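So you can see what is in the structure, the chains are spelled out below.
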Amino acid sequence: GSTIDQATGPDVAIYRVSTQGELLASNSFDAGLGKADVALDASGDVWIAGAVQTGGEGDADLLAQMALWRYTSADGLKLKSLYAGSGGFDAGFGIRQDSSGSIWIVGFSSNPATSGPNKLDLALWKYDISGSSLIAGPFLKPRYARSIGETTQVRLAIYQDSLYIAAGKLNG
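How each quantity is defined
- Residues numbered from 1 in each chain as written.
- Predicted model: local features only at pLDDT ≥ 70, side-chain atom pairs only at ≥ 80, totals over all residues.
- Heavy atoms only, no water.
- Helix = DSSP H or I, 4+ residues; strand = E, 2+ residues; numbered from the N terminus.
- Contact = heavy atoms within 4.5 Å.
- Areas by Shrake-Rupley, 256 points an atom, 1.4 Å probe, with all protein chains shown as cover.
- Pairing = 2+ DSSP bridges.
- Core = buried A, V, L, I, M, F, W, Y, C linked by side-chain atoms within 4.5 Å.
- Buried < 20%, exposed > 50% of the residue type's maximum accessible area, 1.4 Å probe, protein only.
- Salt bridge = Lys/Arg side-chain N within 4 Å of Asp/Glu carboxyl O.
- 1 Å grid on protein atoms, 1.4 Å probe; cavity = no way out; pocket = protein on both sides within 12 Å on 5 of 7 lines; lining within 4 Å.
- Points joined across faces, edges and corners; volume = space filled by probe spheres on them.
- Nonpolar A, V, L, I, M, F, W, Y, C, P; charged D, E, K, R; others polar.

Trainee: Tell me about the overall build of the protein, and please be specific about residues and values.
Mentor: Summing up its helical and strand segments, the protein has 1 helix and 13 strands in all. Scanning the protein from its N terminus toward the C terminus, one meets helices and strands in the order β-β-β-β-β-α-β-β-β-β-β-β-β-β. In the protein, the share of contacts with a sequence separation of at least 24, taken over all contacts with a separation of at least 6, comes to 43%. Here the protein has roughly 9,100 Å² of accessible surface; of this, 49% comes from carbon and sulfur atoms.

Trainee: Pulling in residues and values, what's your account of the pairing of strand β13 (residues 162-167)?
Mentor: Judged from the 6 bridges that link them, strand β12 (residues 154-159) and β13 form a sheet pairing that is antiparallel. The residue of β13 that forms the bridge with L156 is I165.

Trainee: Run through the nonpolar core, naming residues and quoting values.
Mentor: Where a protein is soluble and globular, its nonpolar side chains tend to be buried together. Core analysis: the biggest nonpolar cluster contains 16 residues, and F89, V106, F108, L122 and V154 have the highest contact counts within it. Looking at this core, the elements that each hand over two or more residues are β8 (90-97), β9 (103-110), β10 (120-127), β11 (134-145) and β12. Excluding its chain neighbours within four sequence positions, the residues that come into contact with L122 are V106, G107, F108, F139, L140, K141, Y144, V154, I165 and A167.

Trainee: Any chance you could break down the pattern of salt bridges for me, citing the residues and the numbers?
Mentor: Scanning the entire structure with this criterion turns up 3 salt bridges. Residue D37 is joined to R96 by a salt bridge in which the shortest nitrogen-to-oxygen separation is 3.4 Å. Of the two residues, D37 sits in strand β4 (residues 37-40) while R96 sits in strand β8, which places them 59 residues apart along the sequence. Given a relative accessible area of 11%, D37 falls into the buried group. Between R70 and D41 there is a salt bridge whose closest N-O contact spans 3.4 Å. With R70 in strand β6 (residues 63-72) and D41 in the loop between β4 and β5 (46-55), this residue pair connects regions lying 29 residues apart in the sequence. Look at R70 and you get partly exposed, because its relative accessible area is 22%. When salt bridges with common partners are traced through the structure, they connect D41, D45 and R70 into a single cluster.

Trainee: Got a sec to walk through the layout of surface pockets? Specific residues and values, please.
Mentor: Its volume calculated, the largest pocket comes out at about 310 Å³. In this structure, the largest pocket is lined by 16 residues; those nearest its centre are I14, R16, G44, V46 and Y71. Of all the secondary-structure elements, those providing two or more residues to the lining of the largest pocket are β2 (11-17), β3 (23-30), β4 and β6. Taken together, the residues of the lining of the largest pocket break down into 8 nonpolar, 6 polar and 2 charged.

Trainee: I'd like a description of the pairing of β10, backed by residues and values.
Mentor: Across the 8 residues that make up β10, a large majority, 7, are buried. Taken together, the 8 bridges between β9 and β10 define a ladder with antiparallel strand orientation. In the sheet register, I105 faces β10, and the bridge partner there is W125. Pairing geometry for β10 and β11, over 6 bridges, is antiparallel. Counted as the bridge partner of L120 is A145 from β11. Count of turn residues in the β10/β11 antiparallel hairpin: 6 residues, of which G131 carries a positive phi of about 80°.

Below is the structure:
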């Protein structure tokens, strides 16, 4: 495999494995949080949602931009888009492609205007078929979580014209 970025910190590794369990290819790259989700499109290309750390350390000071990558056998891994909201922390943890080819990403976005302990909004972004243009969102559910350490369990499913989001959350 190859490494895209030599930066320290968590990486994400993508492996292609045959149905017999044989490793066919691997690729690792700096993904800031070391957490990502993948989706395949109709042509077999791999879409990856995650985040790139831009500063800070620990849950309280972490700065990140939501990131969208595309892996093709012809071009390898390419960063397609970054999203930075006004709060300094945005991360994608679930990704799916709808029947029109649009790419949907679910994750979290910090909200600097929020008072109280819950500073993270549950966020949903929609990108065009190329992955390079944000065409809708982020749609937000305000004050969803206290910090990224509290929850990163969020997944996305699409059925017909409906999006389903499952997100973990601590009570209290």
